[in-house]
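Overview (structure and organization)
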Amino acid sequence: MAGGGEEEESLLASYSAPPDRPQANGTFGHPQRRTRPGKPLSVVSKVCFALGGMPYQMTNNVIGFFISIFLLEVAQIRPGYASVILFGGRAWDAITDPLVGFLVSKTNTRWGKLRPWIIFSAPFGVASYFFLWYVPGDFSEEARLGWYFLMYCLFEAALSCFHVPYTALTIYLSADPKERDSATAYRMFCEVLGVLLGSAIQGQIVAGIGGSTEKDCNNPGATVSPEARADMEKAYLIGAGVMGGFYLVCAATVFFGVKERKDVEGGSEEEEASFFQGLKLVFKHGPYVKLTMSFLFLSLAIQSVQGNFALFCQHSLGLGDQFQNLIIALLVSISPPFH
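Below, the structure is looked at part by part. Quick caveat: nothing in here was measured; it's all calculated off a predicted structure.

**So, the overall build of the protein**
Looking only at helices and strands, the protein features 10 helices and 0 strands. Walking the protein from its N terminus toward its C terminus, one meets helices and strands in the order α-α-α-α-α-α-α-α-α-α. When burial is assessed residue by residue, the protein has 48% of its 339 residues classed as buried. Considering only contacts within the protein whose residues lie at least 6 apart along the sequence, 81% involve residues at least 24 apart. Surface exposure of the protein reaches about 16,300 Å², of which carbon and sulfur atoms provide 66%.

**Thoughts on unusual backbone geometry**
In this model, Gln76 sits at a positive phi of 60°, which is unusual for a non-glycine residue. Take Gln76: its relative accessible area is 36%, and that puts it in the partly exposed class. The residue Asp138 is not glycine, and still its phi comes out positive at about 60°. Residue placement: Asp138 occurs in the loop between helix 4 (115-132) and helix 5 (141-168). Residue Asp138 is classed as exposed on the basis of its relative accessible area of 87%.

**Digging into helix 9 (residues 286-316)**
If you check helix 9, its first and last C-alpha atoms are 43 Å apart, about what 31 residues at 1.5 Å a residue would give, namely 45 Å. For helix 9, the set of buried residues is Ser299, Gln303, Gln306, Gly307, Ala310, Leu311, Cys313 and Gln314. Gly318 lies just past helix 9 and shows a positive phi near 70°.

**A word on the side chain of Thr253**
Inspection of the secondary structure assignment puts Thr253 in helix 7 (residues 226-257). Among the polar contacts listed, one links the side chain of Thr253 to the backbone oxygen of Val249, at a separation of 2.7 Å. If near-sequence neighbours (up to four positions away) are discounted, Thr253 is found in contact with Cys48, Leu51 and Val258.

**Considering the environment of Leu197**
Here Leu197 lies in helix 6 (residues 177-210). Classification of Leu197 as partly exposed rests on a relative accessible area of 29%. For the pair Leu197 and Met58, spaced 139 residues apart in the sequence, the C-alpha separation amounts to 7.0 Å. Aside from chain neighbours lying at most four places away, what touches Leu197 is Met54 and Met58.

**Remarks on the packing of aromatic side chains**
Counted according to the given criterion, the structure contains 16 aromatic pairs. Measuring from centroid to centroid gives 6.1 Å for Phe131 and Trp147, while their planes differ by 85°, and the two rings are edge-to-face. Of the two residues, Phe131 sits in helix 4 while Trp147 sits in helix 5, which places them 16 residues apart along the sequence. Residues Phe139 and Trp147 carry aromatic rings whose centres are separated by 6.2 Å and whose planes lie at 90° to one another, so their mutual orientation is edge-to-face. Taken together, Phe70, Tyr129, Trp133, Tyr148, Phe155 and Tyr236 form an aromatic cluster joined through their ring pairs. Here the guanidinium or amino end of Arg78 rests over the ring plane of Tyr81, the centre of that ring lying 4.7 Å away.

**Quick notes on the environment of Leu99**
Along the chain, the position of Leu99 falls in helix 3 (residues 79-105). Sequence separation between Leu99 and Val164 is 65 residues; the distance between their C-alpha atoms is 10.0 Å.

**Here we look at the nonpolar core**
Grouped together as the largest cluster of nonpolar side chains are 68 residues, with contacts concentrated most on Phe70, Leu71, Trp133, Tyr148, Leu169 and Tyr236. The element that contributes the greatest number of residues to this core is helix 2 (residues 54-74), accounting for 12 residues.

About the cut-offs
Residues numbered from 1 in each chain as written. Predicted model: local features only at pLDDT ≥ 70, side-chain atom pairs only at ≥ 80, totals over all residues. Heavy atoms only, no water. Helix = DSSP H or I, 4+ residues; strand = E, 2+ residues; numbered from the N terminus. Buried < 20%, exposed > 50% of the residue type's maximum accessible area, 1.4 Å probe, protein only. Contact = heavy atoms within 4.5 Å. Areas by Shrake-Rupley, 256 points an atom, 1.4 Å probe, with all protein chains shown as cover. Expected span 1.5 Å × (residues − 1). Polar contact = N/O pair within 3.5 Å; in protein donor to acceptor, adjacent residues only side chain to side chain. Phe/Tyr/Trp six-rings, centres within 6.5 Å; stacked < 30°, edge-to-face > 60°. Lys NZ or Arg CZ within 6 Å of the ring centre and 35° of its normal. Core = buried A, V, L, I, M, F, W, Y, C linked by side-chain atoms within 4.5 Å.

In structure tokens:
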């Protein structure tokens, strides 16, 4: 399944870091000030926070399992172009994550440092995700390549604006490490739930509305008939609308249901490093670079396996529109309760 939720570990916030290392609150400079623990987090606050982890998992796993089939069979894009779209979107995501982290560290509003990014980026994420599954009419294949490449990059940028501050929000929930760890456990449960729900909802919509892909086609080189293709276009748009609804509800729940502590601070503006100075400090830290590269190639490998597995099940194994059920069964079997 796609990565997500691993970027921030709440326990790190209870330790002081050297002045030349990145801080847990996303800034570079002196360690954050220690604050006295406040009231314990309520269950409602933890649940509201945890729900914010679902959009990342839902959308990324839907993209991982279904985008290859969509681009090849519905959008009618050649495999080479589809590879450019998928790799380009992941590469762009690697650029936007640190940039968004730097911008977030410079943000201060009456609603807090992190929550405004979560709520105001959500509409852009939903819009770009919806149009990622839209088939523009009368576009040449090169124009479709540009369309999906742009939509994928816009979505990854908007998702970074949502997920980077969301994971950093763990530190701003409480000064008590035990409370942060408890909230993280709630979040991880919702992330697993998001993986299962995203794949199940999208799969059933595509199977129910899109119908079977094993219809007779007038064109021997086509994988689906024109009628099936039109149904699949509709199904993917409906699925994108449902995922977008979850995205907006979760973003609003985090914004209105979570209180962000304002006494978690880093050093002064003069003490903090610039964006490029911060990158230099980060990439001089060998273990971090190795971990980052490992995560990058691991995520690319997972996405490649997801897309190819779906194509293999549908065409090589001849499962047709039943491959969604196999995906759900596999995801359930590897979920923590079934380990």
